[in-house]
Amino acid sequence: MLKSPRFALWFVSLFLLVYTVGASAGMSSGIVTCMFLLSPFLVLWLVYSVLRYGEPSGRTFDEYFYDDADIRADKLRE
């Protein structure tokens, strides 16, 4: 479970959402401070798990300019 990039993504995103909403909604300053101090470590864990256990897409930069969209690099060079 801790090696799953998808779990890390959802956990860190939910944590940062709770932190943001809690800080805006008047959550205790001690809790907000603790969450703030913990957040860089969670983001580093997210980055590590994605880089270590994530699967590459198979597309190269020479073929596609951006991995999430079907924008071919050769069309940009014209």
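As the structure is a prediction and not an experimental result, all values here were calculated from the model.

Novice: What is the right way to read the confidence of the model for the protein chain from this model?
Specialist: The predicted coordinates should not be examined in detail at positions where pLDDT is low. When pLDDT is averaged along the protein chain, the result is 85, and 83% of the positions lie at 70 or above. Here helix 3 (residues 73–76) stands out as the element of the protein chain with the lowest mean pLDDT, 60, in contrast to helix 1 (residues 5–24), whose mean of 95 is the highest.

Novice: Explanation requested: the nonpolar core in the structure shown.
Specialist: When a protein is soluble and globular, its nonpolar side chains tend to lie buried together. Counting residues in hydrophobic clusters, the biggest one holds six residues: Ala-8, Val-12, Phe-15, Met-35, Leu-42 and Leu-46. Counting residues per element, the ones that place at least two in this core are helix 1 and helix 2 (29–53).

Novice: What should I look at first to understand the side chain of Ser-49 in this one?
Specialist: For Ser-49, the position within the fold is in helix 2. A polar atom in the side chain of Ser-49 sits 3.0 Å from the backbone oxygen of Leu-46. In this structure, Ser-49 is in contact with Pro-5, Ala-8 and Gly-54, ignoring residues within four places of it in sequence.

Novice: Would you mind going over the side chain of Ser-39 with me for this structure?
Specialist: Here Ser-39 lies in helix 2. A distance of 2.8 Å separates the side chain of Ser-39 from the backbone oxygen of Phe-36, its partner in a polar contact. If we skip the residues at most four places from it in the chain, Ser-39 touches Phe-15 and Leu-16.

Novice: Sorry if this is basic, but what is going on with helix 1 here?
Specialist: Because an α-helix packs 3.6 residues into every turn, residues spaced three or four apart end up facing the same way. Between its terminal C-alpha atoms helix 1 stretches 28 Å, which fits the 28 Å expected from 20 residues at 1.5 Å a residue. The set of residues buried in helix 1 consists of Ala-8, Val-12, Phe-15 and Gly-22. With its buried residues spanning 100 degrees around the axis, helix 1 presents them on a single face. Every exposed residue of helix 1 that faces more than 90 degrees away from the buried side is listed here: Arg-6, Trp-10, Leu-14, Leu-17 and Ser-24. Buried-residue contacts for helix 1 involve helix 2. Directly after helix 1, the chain includes Gly-26, whose backbone phi takes a positive value near 90 degrees.

Novice: So what exactly am I meant to see when it comes to the packing of aromatic side chains here?
Specialist: The geometry of an aromatic ring pair is captured by two quantities: the separation of the ring centres and the angle between the planes. One pass over the full model with this rule turns up four aromatic pairs. Judged by centre distance (5.9 Å) and plane angle (25 degrees), the ring pair of Phe-7 and Phe-11 falls under stacked. Residue Phe-7 and its partner Phe-11 are located together in helix 1, separated by four residues, close to a single helical turn. Seen from their ring centres, Phe-11 and Trp-45 are 6.1 Å apart, and the 75 degrees between their planes marks the pair as edge-to-face. Linking Phe-11 in helix 1 with Trp-45 in helix 2, this pair joins segments that are 34 residues apart in sequence. Looking at Phe-11, the relative accessible area reads 38%, which means it is partly exposed. By the ring-pair criterion, three or more aromatic residues cluster together here, those being Phe-7, Phe-11 and Trp-45.

Procedures and definitions
- Residues numbered from 1 in each chain as written.
- Predicted model: local features only at pLDDT ≥ 70, side-chain atom pairs only at ≥ 80, totals over all residues.
- Heavy atoms only, no water.
- pLDDT = per-residue confidence, 0-100.
- Helix = DSSP H or I, 4+ residues; strand = E, 2+ residues; numbered from the N terminus.
- Core = buried A, V, L, I, M, F, W, Y, C linked by side-chain atoms within 4.5 Å.
- Buried < 20%, exposed > 50% of the residue type's maximum accessible area, 1.4 Å probe, protein only.
- Polar contact = N/O pair within 3.5 Å; in protein donor to acceptor, adjacent residues only side chain to side chain.
- Contact = heavy atoms within 4.5 Å.
- Expected span 1.5 Å × (residues − 1).
- Arc of directions from axis to C-beta.
- Phe/Tyr/Trp six-rings, centres within 6.5 Å; stacked < 30°, edge-to-face > 60°.

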